[in-house]
Amino acid sequence: MNEARFEDLPEEEQEWIDAFLNGGIDDDSFAKLQDRMLERPELRTVMRRCLALHGRRSRLRRASPLCSACCS
Amino acid sequence: MKAGSWIREPLVFAAGGSLYGDRMSKSELNHPEDDARYEAFVRLFAHHEAELRRFAGSFLPSWGDVDELMQRSALAMWRKFDQFDQGASFIKWACVVTRFEALAYRRKMARDRHVFREDVLELMAEEAAEELNQRSAEQDALESCLLAMPEKQRKFVMLAYTPGVKIKELAEEAGSTSAAFYMRLKRLRRQLMQCVEAKTLQTKEAQ
């Protein structure tokens, strides 16, 4: 595993990721996020993990016993 | 299965959906000599589809986009399958094809919402191809971390990720505000991320 962790990112980057995942990031922050992603491999690594887990949660909601047990 | 028959009887893969028969012209598949090639392709694709979806999901904003990209890349792979060296790694080849399809798909997506710029997307996809095992480990860890959560929190997270759900409506039903709802979701998501990162690190160290 790449050692980059979400909690080690600067707070500003954490906030951008949260806003992006919530679909509420503004244009200016999104441009800054992408500029930073080009510069920082750690941010890219964490972003890939966040996106993968974000998508996986949606899939679990549809398909997993985790859901039938708790979301009915 | 006869090549061509899947236009009327689309194959269904583990992650859902058909093998995209609606976009394939029948003439492309209706030659008997394509049978073996077709079957080899389907076998390889089915075997690696979940891995390929995790790959695409690590640089696209939603799983709706992943579904769309998978349709496009499956078709592209089939069309280029003649160029695939049977002794090579299918998943590596499939990642390259999918990366190029993602860039084309990006142009369509970019018209109406926030999607990564081409240079960012390309870099993300290139690096994602080196992390396939990691994605699988994180997925296992996520399920384990969700199960370890108190039921109330797990229910909240899963509800928030229900496809088509409107956060504003959920918040109103709960007598809360969207801002408070997002704040709670953010906190729980970060908690889950910490758990996943810790678990995958533990697994790696134990190996």
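Residues numbered from 1 in each chain as written. Chains lettered and ligands numbered in written order. Predicted model: local features only at pLDDT ≥ 70, side-chain atom pairs only at ≥ 80, totals over all residues. Heavy atoms only, no water.

(A) Here's a closer look at helix α2 (residues 27-39) of chain A. All names here are of chain A. Here α2 is 13 residues long and its end C-alpha atoms lie 19 Å apart, about the 18 Å a rise of 1.5 Å per residue gives. Taken together, the buried positions of α2 are S29, F30, L33, Q34 and M37. Considered in projection along α2, the buried side chains sweep an arc of 135 degrees and stay on one side of the axis. Its side-chain oxygen 3.1 Å from the backbone nitrogen of D28, D26 forms the N-cap of α2. (Helix = DSSP H or I, 4+ residues; strand = E, 2+ residues; numbered from the N terminus. Expected span 1.5 Å × (residues − 1). Buried < 20%, exposed > 50% of the residue type's maximum accessible area, 1.4 Å probe, protein only. Arc of directions from axis to C-beta. Polar contact = N/O pair within 3.5 Å; in protein donor to acceptor, adjacent residues only side chain to side chain.)

(B) Expanded view of the nonpolar core. B:F59 and B:F116 are the most contacted members of the largest nonpolar core, which totals 75 residues. At ten residues, helix α3 (residues 90-109) of chain B tops the list of elements feeding residues into this core. Once residues within four sequence positions are removed from consideration, B:F116 is found in contact with A:F20, A:F30, A:Q34, A:M37, A:M47, A:L51, B:F59, B:R106, B:L121 and B:M124. (Core = buried A, V, L, I, M, F, W, Y, C linked by side-chain atoms within 4.5 Å. Contact = heavy atoms within 4.5 Å.)

(C) Geometry of the interface of chain A and chain B. Across the boundary between the two partners, chain A contributes 46 residues, which contact 50 residues of chain B. For the pair chain A and chain B, the two sides together bury roughly 4,600 Å², of which 60% comes from carbon and sulfur. Along the contact surface separating chain A from chain B lie twelve salt bridges. A salt bridge links A:R48 to B:E127, with the shortest nitrogen-to-oxygen separation between them at 2.8 Å. Remark: the boundary between chain A and chain B carries 19 residue pairs in polar contact (both at pLDDT 80 or more). Those elements that provide at least two residues to the side of chain A that touches chain B are α1 (11-22), α2, α3 (41-63) and α4 (65-70) of chain A. With 18 residues, α3(A) is the largest single contributor of residues to the side of chain A that touches chain B. Grouping the constituent residues of the side of chain A that touches chain B by class yields 21 nonpolar, eight polar and 17 charged. (Buried area = accessible area lost by both parts, 1.4 Å probe. Salt bridge = Lys/Arg side-chain N within 4 Å of Asp/Glu carboxyl O. Nonpolar A, V, L, I, M, F, W, Y, C, P; charged D, E, K, R; others polar.)

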